[in-house]
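# Commentary on secondary and tertiary structure
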Amino acid sequence: MPAALTPAELTILGLLAEQPRHGYELEQIVEQRGVRQWTALGFSSIYYLLDKLAKRGLIERTGHAGGKTRATFGVTAQGYELCAKASLEYLSTVSPLHANVLVGIANSPGLQDDDVMSGLTRRAEGLRAQLDEVRRARASQQPLPFAASAIFDYSETMLEADAKWTDATLTELTKEIAMEKYDIKKAHKGLYAPSSKDFALVDVPEFRYIAVDGHGDPNTSTKYAAAIEALYGVAYVLKFESKNALGRDFVVGPLEGLWGSDDVSSFVRRDKDAWNWTMMIAQPDWISSDMVTAAIEKASAKKENAALGDLRILTLTEGASLQILHIGSYDDETPTLSRLHSEYMPGHDFTFNGLHHEIYLSDARRTAPEKLRTILRQPVKPS
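Described below are features of the structure shown in this document. Every value quoted in this text rests on a predicted model; they were computed, and no experiment measured them. Residue positions are counted from 1 within each chain, in the order its sequence is given. Under the rules for a predicted model, residues below a pLDDT of 70 receive no local features and side-chain atom pairs below 80 are neither given nor counted, while totals for whole chains, interfaces and linings still include all residues. Excluded from the side-chain calculations are hydrogens and water; all other atoms, namely the structure's heavy atoms, are used.

### Here we look at the overall build of the chain
By the criteria applied, helices consist of DSSP H or I runs no shorter than four residues and strands consist of E runs no shorter than two, each listed in order from the N terminus. Looking only at helices and strands, one finds 13 helices and 12 strands in the chain. In terms of its C-alpha atoms, the chain occupies a principal-axis envelope of roughly 100 × 45 × 40 Å. Relative accessibility under 20% of the residue-type maximum defines a buried residue, over 50% an exposed one, and the middle range a partly exposed one, all with a 1.4 Å probe and only protein chains included. For the chain, with 383 residues in total, the buried portion stands at 41%. Calculation of accessible area relied on Shrake-Rupley with a 1.4 Å probe; when residues are assessed, cover is drawn exclusively from the protein chains displayed. Of the roughly 21200 Å² that the chain leaves accessible, carbon and sulfur atoms contribute 54%. In the chain, 42 side chains carry a positive charge and 51 a negative one; their mean positions are 6 Å apart. None of His or the chain ends enter the tally, which takes Lys and Arg as positive and Asp and Glu as negative. To locate a charge, take NZ of a lysine, CZ of an arginine, CG of an aspartate or CD of a glutamate.

### What to know about the pattern of salt bridges
One speaks of a salt bridge when a side-chain nitrogen belonging to Lys or Arg is within 4 Å of a carboxyl oxygen belonging to Asp or Glu. Under the criterion given, the structure shown has 20 salt bridges. One salt bridge in this structure joins Glu9 and Lys52, with 2.8 Å as the shortest N-O distance. Remark: Lys52 occurs in helix H3 (residues 43-55) and Glu9 occurs in helix H1 (residues 7-18); sequence separation between them is 43 residues. For Lys52, a relative accessible area of 31% corresponds to the partly exposed category. Where Glu241 meets Lys298, a salt bridge forms, and the shortest distance between an N and an O atom there is 2.8 Å. Of the two residues, Glu241 sits in helix H10 (residues 222-246) while Lys298 sits in helix H12 (residues 289-302), which places them 57 residues apart along the sequence. Judged by its relative accessible area of 32%, Glu241 is partly exposed. It is possible to trace a salt-bridge network through shared partners that takes in Arg135, Arg138, Asp153, Glu156 and Glu160.

### Overview of the pairing of strand E3 (residues 71-75)
Of all 5 residues that make up E3, 5 are buried, and the element is covered over most of its length. Neither face of E3 is exposed, since Ala71, Phe73 and Val75 on one face and Thr72 and Gly74 on the opposite face are all buried.

### What about the nonpolar core?
Among the nonpolar cores identified, the biggest contains 30 residues, and Ile210, Leu231, Val234, Leu238, Leu255, Met279 and Leu311 are the most heavily contacted of them. Those elements that place two or more of their residues in this core are strand E5 (200-215), H10, strand E7 (255-260), strand E8 (276-283) and H12. No other element matches the 9 residues that H10 contributes to this core. Setting aside its immediate chain neighbours within four residues, Val234 contacts Ile210, Ala295, Ile296, Ala299, Leu308 and Leu311. Judged by nonpolar contacts, the second largest core, of 25 residues, contains Leu5, Ile12, Leu49 and Cys83. As used here, the term nonpolar core means buried Ala, Val, Leu, Ile, Met, Phe, Trp, Tyr and Cys residues forming a set that is joined through side-chain atoms within 4.5 Å. Should any heavy atoms of two residues lie within 4.5 Å, those residues are counted as being in contact.

### Points about unusual backbone geometry
Of note, the bond from Gln142 into Pro143 is cis; its omega dihedral lies within 30 degrees of zero at -5 degrees. For Pro143, the position within the fold is in the loop between helix H6 (113-139) and helix H7 (146-178). Phi angles above zero are rare outside glycine, and Asp349 is one such case at about 60 degrees.

And the structure:
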């Protein structure tokens, strides 16, 4: 038995099983019945599919009225058999959902709210226009046989459901935009938007973080990767719990890291195996310890991760700190750190007063190394 049929192949084979037809007739039937609403079947592909089905021995020429477009095709015995088998399989099989809009929604956190609203609004308008078109096509062909009527029912039901989902999503997004959303980068712009030209002295107040401690090279440590996964997992649980239970929404803050070593020069040498790290994400002041505990439990129920057991709440007050925006690869931080430690701090009578602090404003998975934006911060005190 030949291999399974694609939806387009089975559609053409089924139309020919009704009665022999030539390519132009198939195009008219496809248009009249609104077939393109539920299967990808272009005009030019009809002749390609006829060729393909003929080569497989599923259809054959039964007449010729002149010209390629007037070659009439009928179904062979083998074609009838496969058409029936494939049709039964299509009737009983639940197809996976592969709507492109889901990919767009998954990536919407990287877009501006207005752009997401605009995109969904255009989608809602397009769905309504498509629904009107299906209804006009249906009305123009009444009365319809059972199969055609069922197909139109399905198309209408799916379009109505999609339009309802799109309208509901727009409504929820409108509510979310209207809700005041705390963003640490905006609330403390002076600390999260430094210049890249020179070091600036800032006063860093008390912040509360969820944090995980570790040691070693972050590029090779499995514990480091697990720590990052645990932090983001809990951070997003906290965001949604805060929004749903307290009516207070916030933007998940950037990943931050405290870096220490017995030998501070290991940072300049990039001796990563000697580094101790504490990775962390800042939390709004209304996030309680109980909420964090509940979020850890919820994240643990979704996916096992040993780092969740190490996650803790960290309160940090750094006070006077020097900071600068580094643009480029993490490994290219060495000249800036060397200048900070060996020139700027001694030249301004400062000494160390805490761990080296980095704030990662870019997503390293989606940003070229030379465009990474990282805040380099060093708490200091008079020497």
